[in-house]
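# Structural description and commentary
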Amino acid sequence: MRSRVGRATTAAVLGGLLAAGCGSSSGSGSGGGNSETESSAADKGASTDGYPVTVTDCMGAETTFTSAPKNIVTSNASSLELLLRLGAGDQVIGTGFPPGKGTLPGRLDAQAQQVKVLGETVIPKERLLGSGADLYIDTFASMNMGGGMGDAPTEKEFEAAGIKHTFLKSTACAATSKSPVTDLSAVEDDITSLGAVTGTSAKAKALVDGMKSKVDAVREAVGGTPEGERPTYFFFDYDAGTKQPMAVCNRQIAHAVITLAGARNVFADCDGDYRQVGWEDVVAKDPDWIQLGVRDRGSEAANDKAFDEARKWLETNSATKGLKAVEEGHFLRIGSERTTIAGVTNADTVEEIAKTLYPGKAGRP
C-alpha cells in the first residue's frame, strides 16, 4: 500500500494553489504562452516504448505503469495544462478546478474547454472514484477539504476503483520540503515524469530544454550579482485578500522564480510554502519591487483592470502607500499562476522579472 503525504495545506494556501485559471470570464487569451510550447495529440511524439515507468510520491512510495494511461483525471488546471502542452490531452477525461475560458494560451484554451468538469472546485470523492479514470494526477497532496466537500479517497479506495494516484511533486510536496526551493528542477522533473507516464517523453524533453535555455540565459546575465546588491521583492497576492497579506515562503515555487531572476524574496526567511503575515511585516521589509500577482481573469482588458485595482489599493492604503516600491512606482504586472503554480511558464516569469529589474543586463521587459 502506498504512503500518504501529510495534510499540511490550509484553506488559505489552497486559494493560492487554485490559481491556474478558475475564473469564468470570457474573452480572448491574455498571452503568456508560446507557440512552440503548445501541442496537440498529433505532434506529441507518443511511443509504446519506455515502459515500465515508476514514479514516486512525496514520501517515496512507488507507482508503476506498464503502459500509458488512457483515462486521466486531473485535480486542477495546472496538471491539465501540463498534459495539454505535452500533447496528452486526448487521454484526459475530466478535471477539477477547471481553467476559466481564455486563461490558457492559444489552442490550449479550446482543448481545455472540451474537458469534462467533474468538480468546479475539489472533485467529490464518489464522482472521482466512479469517473472511470485509470490515473488521477493530484496537485494538492492528501487534503481533507472539509466544508461539505468530503475527504479525499484513501489509497485503498483508489486501488479498489482501479485508479493509480500520482502527484505533481513540485507543488504537492512543497510544504514538506527540507530546504528552500531555489531552482525549477522539481518542475522540470514533474514534466519529465508526466512525459514518461503518458508516452510523450520527446515533447517533455523539448519543454524542459526550452525552460532551461531561458533560465540559463538569465543566470548568465544576472547570476553574478552579489546578494547584497540584488533588489528586494514582494509578491502581492491581491486575490488572497488585502486585510492580511499572504506571503510566499522559501518552499514555494515563486521563491525559486524570484531568486533565479536575481531578486531577493523579502519573506525568504519563512520556512514553508505560504504564510499569512501582517502589513506591518511588509512595511518592515520595505521592498524595492512589488509584483501585482493577480489571477487571470480570461481577457487582457479584465486583467489590466485587476492590475490597476491592486496598484491603486497599495497606493491608497495608509499602511502601504509609503513603501519605497509604491512611491517609486516599482510594480510588475505579472499574473499569479505563472509565478506560484508549477509549469512551463515559470521560466518565462524568471525572464520577465529579470528584464524588468536588470534592463541593462537582461534586456528590456
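Residues numbered from 1 in each chain as written. Predicted model: local features only at pLDDT ≥ 70, side-chain atom pairs only at ≥ 80, totals over all residues. Heavy atoms only, no water.

### Section: the pattern of salt bridges
Inspection of every chain in the model, using the stated rule, returns 14 salt bridges. Among the ionic pairs, Arg251 bridges to Asp271, the shortest N-O distance being 3.0 Å. Placement of Arg251 in the loop between strand 9 (246-248) and helix 9 (253-260) and of Asp271 in the loop between strand 10 (264-265) and strand 11 (274-276) is noted, with a sequence separation of 20 residues between them. Here Lys285 ties to Asp269 by a salt bridge, and the two come within 3.4 Å at their closest N and O atoms. Taken together, the positions of Lys285 in helix 10 (residues 279-285) and Asp269 in the loop between strand 10 and strand 11 put the pair 16 residues apart, joining distant regions of the chain. Each of Asp304, Asp308 and Arg333 takes part in a single network of salt bridges with overlapping partners. (Salt bridge = Lys/Arg side-chain N within 4 Å of Asp/Glu carboxyl O. Helix = DSSP H or I, 4+ residues; strand = E, 2+ residues; numbered from the N terminus.)

### Regarding helix 11 (residues 300-316)
Across its 17 residues, helix 11 extends 24 Å between first and last C-alpha, which sits within 8% of the 24 Å expected from 1.5 Å per residue. The complete set of buried residues in helix 11 reads Asn303, Ala306, Phe307, Ala310, Trp313 and Leu314. Seen end-on, helix 11 carries its buried residues on one side only, within an arc spanning 125°. Across helix 11 from its buried face, at more than 90 degrees, point the exposed residues Ala301, Lys305, Lys312 and Thr316. Buried residues in helix 11 make contact with strand 8 (232-236), helix 10, strand 12 (289-292), helix 12 (324-328) and strand 13 (331-332). (Expected span 1.5 Å × (residues − 1). Buried < 20%, exposed > 50% of the residue type's maximum accessible area, 1.4 Å probe, protein only. Arc of directions from axis to C-beta. Contact = heavy atoms within 4.5 Å.)

### Here we look at the state of the cysteines
Applying the stated rule across the entire model yields two disulfides. Across the disulfide, Cys249 is cross-linked to Cys270 (sulfur-sulfur distance 1.9 Å). Judged by the torsion about the S-S bond (60°), the Cys249/Cys270 disulfide is right-handed. Placement of Cys249 in the loop between strand 9 and helix 9 and of Cys270 in the loop between strand 10 and strand 11 is noted, with a sequence separation of 21 residues between them. Within the protein chain, bonded cysteines paired by disulfides and numbered along the sequence follow the pattern 1-2, 3-4. (Disulfide = S-S within 2.5 Å.)

### Here we look at helix 2 (residues 77-86)
With 10 of 10 residues buried, helix 2 lies mostly within the body of the structure. Within helix 2, the full set of buried residues consists of Ala77, Ser78, Ser79, Leu80, Glu81, Leu82, Leu83, Leu84, Arg85 and Leu86. With its phi angle positive at about 85°, Gly87 sits one or two positions after the end of helix 2.

### What about the layout of surface pockets?
The volume enclosed by the second largest pocket comes to roughly 470 Å³. Residue lining of the second largest pocket: 25 residues in total, with Lys169, Ser170, Cys173, Ala186 and Asp190 positioned closest to the centre. Of all the secondary structure elements, the ones that give two or more residues to the lining of the second largest pocket are strand 1 (53-56), strand 6 (135-138), strand 7 (164-167), helix 6 (169-172) and helix 7 (185-198). Taken together, the residues that form the lining of the second largest pocket break down as 12 nonpolar, seven polar and six charged. (1 Å grid on protein atoms, 1.4 Å probe; cavity = no way out; pocket = protein on both sides within 12 Å on 5 of 7 lines; lining within 4 Å. Points joined across faces, edges and corners; volume = space filled by probe spheres on them. Nonpolar A, V, L, I, M, F, W, Y, C, P; charged D, E, K, R; others polar.)

### Examining the confidence of the model for the protein chain
Looking at the protein chain as a whole, its pLDDT mean stands at 86, while 83% of the residues score no less than 70. Within the model, the stretch residues 1-47 combines pLDDT values under 50 with 139 contacts to residues more than four positions away or in other chains. (pLDDT = per-residue confidence, 0-100.)

### Observations regarding the packing of aromatic side chains
Taken as a whole, this structure holds eight aromatic pairs when the rule is applied. Both rings, one in Tyr136 and one in Phe158, keep their centres 5.8 Å apart while their planes meet at 20°; by these two values the pair is stacked. Note that Tyr136 is positioned in strand 6 and Phe158 in helix 5 (residues 155-160), a separation of 22 residues in sequence. For the pair formed by Tyr136 and Phe158, the shared burial category is buried. Ring geometry for Phe234 versus Trp279: centroids 6.3 Å apart, planes at 80°, classification edge-to-face. Of this pair, Phe234 sits in strand 8 while Trp279 is found in helix 10, placing the two residues 45 residues apart along the sequence. An aromatic cluster of three or more residues is present, and its members are Phe234, Phe236, Tyr238, Phe267, Trp279 and Trp313. In this structure, Lys164 is placed above the aromatic ring of Phe65, and the distance from its NZ or CZ to the ring centre is 5.6 Å. (Phe/Tyr/Trp six-rings, centres within 6.5 Å; stacked < 30°, edge-to-face > 60°. Lys NZ or Arg CZ within 6 Å of the ring centre and 35° of its normal.)

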